[in-house]
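# Architecture at a glance
Single-letter residue listing:
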Amino acid sequence: MKNFIIIFLSLSYFSNYAQQTTPKILVSVVVDQMKYEYVDRFWDEFGEKGIKKLVNEGIFCRNTHYNYIPTYTGPGHATIFTGTTPSVHGIIGNNWYSRKDFSPVYCAGDWASQTICLCKKPHEKTNPGSGQMSPVSLLCNTVGDQLKIKDSLSKVFGVSIKDRGAILSTGALADGAYWLNNDAKWITSSFYRNNLPEWVVKFDKKYLTLTSDKRQTVRVQKTYKGILASNSVSKI
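I will try to describe carefully the structure that is included in this document.

## Overview of the overall build of the protein chain
When helices and strands are tallied, the protein chain shows nine helices and eight strands. Classification of the 236 residues of the protein chain by burial places 36% in the buried group. For the protein chain, the proportion of contacts with a sequence separation of at least 24, taken over those separated by at least 6, is 51%. Total accessible area on the protein chain is roughly 16000 Å²; 56% of this is exposed by carbon and sulfur atoms.

So this is what it looks like as structure tokens:
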């Protein structure tokens, strides 16, 4: 991961800002690998109620810089949501070695936790580490943790394709974190709960397979070909 674009969506925030009321929901979206220039490059492909609305009606920071290295996804998520650097929040990479015994460490790994899934077969036979995750290596509070400390009735959840995206963005006090395993099934960790909630079960039954729209795929391919041509690249 070398680039992040961060979108903070607060429903009812703009309408209530003048009255200084507390927003009912805050949604943070992090798009991995989306460089700043992509906002302009793909402008014509964005919908009027998506990126364009955020740019036109929100705050668009055009001059931001990283103050840490390496810019991997693990440190990136942790830095965004703790507001500090890897030397402080402890997520110094996606993977590293323990200084104590030189054992390998994964940024969201936790061998004390177990996989919670709807797997038909024992999960250990496919990928034993898929759900053995937690924010145990994160040393600082996230904005979600601070929200829980401020108001224990607040709910904090993380959802991502990758485990580290869901876990490191929410923190130790999160109510839940969900990500996809190698079979594109939603799973979580026993760090959060001992079973999947009913809404995840229903979602999984409704969308058993990931489908794609052929017309959308063709349109995206044409867009990529145009970009490659403009960069003097003949093919992927």
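## Overview of helix H4 (residues 73-82)
A large share of H4 lies buried, amounting to nine of its 10 residues. Listing the buried residues of H4 in full gives Thr-73, Gly-74, Pro-75, Gly-76, His-77, Ala-78, Thr-79, Phe-81 and Thr-82. At the exit of H4 stands Gly-83, carrying a positive phi of roughly 80°.

## Regarding the side chain of Thr-170
Turning to its location among the elements, Thr-170 is positioned in the loop between helix H7 (163-167) and strand S7 (176-180). The buried category is assigned to Thr-170, whose relative accessible area is 2%. A distance of 2.9 Å separates the side chain of Thr-170 from the backbone oxygen of Ala-166, its partner in a polar contact. When near neighbours in sequence (up to four residues on either side) are disregarded, Thr-170 contacts Thr-142, Gly-144, Asp-145, Val-156, Phe-157 and Gly-158.

## Looking at the environment of Asn-63
For Asn-63, the position within the fold is in the loop between helix H3 (51-57) and H4. Classification of Asn-63 as exposed rests on a relative accessible area of 62%. Sequence separation between Asn-63 and Tyr-36 is 27 residues; the distance between their C-alpha atoms is 9.3 Å. Side-chain polar atoms of Asn-63 contact the side chain of His-65, separated by 2.8 Å.

## Side note on the pairing of strand S8 (residues 186-189)
Burial of the side chains of S8 extends over both faces: Trp-186 and Thr-188 are buried on one face and Ile-187 and Ser-189 on the other. Bridge count for strand S5 (residues 115-116) against S8 is two bridges, and the pairing is antiparallel. Its bridge partner being in S8, Thr-115 is matched across the sheet by Ser-189. In textbook terms, the turn of a hairpin is the stretch between consecutive antiparallel strands, and for S7 and S8 this stretch comprises five residues, one of which, Ala-184, has a positive phi near 60°.

## Section: the pattern of salt bridges
This structure, assessed with the given rule, holds five salt bridges. Two residues, Arg-41 and Glu-37, come together in a salt bridge whose shortest N-O distance is 3.4 Å. In this pair, Arg-41 and Glu-37 both sit in helix H2 (residues 37-41), four residues apart, roughly one turn of the helix. For Lys-52, the salt bridge is made with Glu-48, and the minimal N-O distance between the two is 3.3 Å. Given the relative accessible area of 10%, Lys-52 is considered buried.

Criteria and thresholds
Residue positions are counted from 1 within each chain, in the order its sequence is given. Selection of residues for local features in this predicted model requires a pLDDT of at least 70, selection of side-chain atom pairs for listing and counting requires 80 or more, and totals for whole chains, interfaces and linings are taken over all residues. To get the side-chain values, all heavy atoms of the structure are used, and hydrogens and water are removed first. Segments assigned H or I by DSSP are reported as helices when at least four residues long, segments assigned E as strands when at least two residues long, and all are numbered from the N terminus. Relative accessibility under 20% of the residue-type maximum defines a buried residue, over 50% an exposed one, and the middle range a partly exposed one, all with a 1.4 Å probe and only protein chains included. It only takes one pair of heavy atoms within 4.5 Å for two residues to be counted as in contact. Here the Shrake-Rupley method, with its probe set to 1.4 Å, supplies the accessible areas, and only the displayed protein chains count as covering residues. Polar contact is the term for a pair of N or O atoms within 3.5 Å; when the atoms are in protein, one must be able to donate a hydrogen and the other to accept it, and sequence-neighboring residues count only if both atoms are side-chain atoms. We treat two strands as partners when DSSP finds at least two bridges between them. For salt bridges, the criterion is a side-chain nitrogen of Lys or Arg within 4 Å of an Asp or Glu carboxyl oxygen.

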